[in-house]
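Structural overview for review
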Amino acid sequence: MAADPRCSKEIKLALGRCPNSTLTNGTAQVGGTNTKDGSQNHSSGQAKPEKNSKGRALDSQSYKETEAYKKCAAIFGGADSVCIPRGSYSVVTPAAPDGVVIPPITITDLASFSPAPGTLTGEPDNLGVAGLPTNFTTDAAAHTRTGTLFGYPVTARFTPASFLFRYGDGQTRTTTTAGKTWDALGLPQFTPTDTSHTYTERGTYQASVDTLYTAQIDLGTGYFPISGTLTIPGPPQDIQIYEARTALVAHTCDEDPTAEGCPTR
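Residues numbered from 1 in each chain as written. Predicted model: local features only at pLDDT ≥ 70, side-chain atom pairs only at ≥ 80, totals over all residues. Heavy atoms only, no water.

1. Section: the overall build of the protein chain
On a plain count of helices and strands, the protein chain comes out with 5 helices and 14 strands. Out of the 265 residues belonging to the protein chain, those deemed buried represent 38%. Expressed as a percentage of contacts within the protein chain between residues at least 6 apart in sequence, the contacts between residues at least 24 apart total 63%. Summed over its atoms, the accessible surface of the protein chain is roughly 14700 Å², and 50% of this surface lies on carbon and sulfur atoms. (Helix = DSSP H or I, 4+ residues; strand = E, 2+ residues; numbered from the N terminus. Buried < 20%, exposed > 50% of the residue type's maximum accessible area, 1.4 Å probe, protein only. Contact = heavy atoms within 4.5 Å. Areas by Shrake-Rupley, 256 points an atom, 1.4 Å probe, with all protein chains shown as cover.)

2. Some details on the pairing of strand S8 (residues 143–149)
Along any regular strand, the residues point their side chains to alternate faces of the sheet. Pairing geometry for S8 and strand S9 (residues 152–166), over 7 bridges, is antiparallel. When the sheet's bridge partners are listed, His143 is paired in S9 with Phe158. (Pairing = 2+ DSSP bridges.)

3. A word on the packing of aromatic side chains
For the structure shown, the criterion picks out 5 aromatic pairs. One Lys or Arg, Arg157, reaches over the ring of Tyr223 and ends 3.8 Å from the middle of that ring. (Phe/Tyr/Trp six-rings, centres within 6.5 Å; stacked < 30°, edge-to-face > 60°. Lys NZ or Arg CZ within 6 Å of the ring centre and 35° of its normal.)

4. Observations regarding the pattern of salt bridges
As enumerated under the stated definition, the model contains 1 salt bridge in all. We note a salt bridge from Arg166 to Asp210, for which the minimum N-O separation is 2.9 Å. On the criterion of sequence distance, the pair formed by Arg166 in strand S9 and Asp210 in strand S12 (residues 203–218) is long-range, its members being 44 residues apart. Taking relative accessible area as the criterion, Arg166 reaches 36% and is therefore assigned partly exposed. Relative accessible area serves as the criterion here: at 7%, Asp210 is assigned to the buried category. (Salt bridge = Lys/Arg side-chain N within 4 Å of Asp/Glu carboxyl O.)

5. Topic: the side chain of Thr193
In this structure, Thr193 sits in the loop between helix H5 (182–185) and strand S11 (197–198). Excluding residues within four positions of it along the chain, Thr193 makes contact with Asn135, Arg173, Trp182, Leu185 and Leu187.

6. A look at the side chain of Ser208
Relative to the elements of secondary structure, Ser208 occurs in strand S12. Residue Ser208 is classed as buried on the basis of its relative accessible area of 12%. Ser208 has contacts with Leu120, Leu164, Phe165, Arg166, Gly234, Pro235 and Pro236, leaving out every residue within four places of it along the chain.

7. Thoughts on unusual backbone geometry
Cis geometry is adopted by the peptide bond preceding Pro124, which originates at Glu123 and carries an omega value of 10°. Along the chain, Pro124 falls in the loop between strand S5 (120–123) and strand S6 (127–129). For Asn126, which is not glycine, the phi torsion reads 60° and is therefore positive. Following the sequence through the fold, Asn126 ends up in the loop between S5 and S6.

8. Observations regarding the sheet that holds S5
Strand order in the open sheet made by the 3 strands is S5-S7-S11, with antiparallel pairing throughout. The sheet is open, and its two edges are formed by S5 and S11, each paired on a single side. As paired elements, S5 and strand S7 (residues 133–138) share 4 bridges and run antiparallel to each other. The residue of S7 that forms the bridge with Thr121 is Thr137.

9. Quick notes on the confidence of the model for the protein chain
Considering every residue of the protein chain, the mean pLDDT works out to 74; 60% of them sit at 70 or more. Taken together, the stretch residues 1–6 has pLDDT below 50 and engages in 18 contacts with residues farther than four places along the chain or on a different chain. This stretch, residues 87–100, has a pLDDT under 50; its non-local contacts, to residues over four places away or in other chains, come to 35 contacts. (pLDDT = per-residue confidence, 0-100.)

Here you go:
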């Protein structure tokens, strides 16, 4: 079988092997033997596991002490699902190239990939009425960015985990939803929602939303998660809040166009 197309020559050069996965009909599978040229061999169905100096097979904890694991962990940040072989797996560990030093990848390293900030929208039309709910939504969603880390091509996938809505009057709300319009929720206007806010006074407020992203990266062998979250602030949005006034009248505007509050008055 041909070499796993997701295992780049740079990764094989650094690790001495492909990470712990192969590709079968487009689906990631674990296991299989690993040959010196990086190709995957499934003809035998079983392979000799890595052994210690006494000829005994290594368990996962002991395997973490091997150079093969340490090299893999340097690139993948100690991702055991990638770096620890599954079942029987023959690991070939040639010497690392001179001068190759790859620190673990952390969530802060991915900040340079510039995850998209979420844009806030107030409903209706960034307007509101004091004393009544103003509904808020954001367009933040899962997306990918490409770039390089430590000289390796990387695809980073960012997924919103939570949202911090800042309403501009000192009040905030943290939710796990980006919010939906009243119409999408099947609700009448000025109905409270999971992301709505009620302003007590008229005025112009600068509201915004911070998106907390989780991240996964792909170095050519499939996605795996990076610990932590990135907080990406969104741009401010002016929200105009008006004050509603009511008055008792004897006639409607159709009946008396000159009555208090009618457009023609």
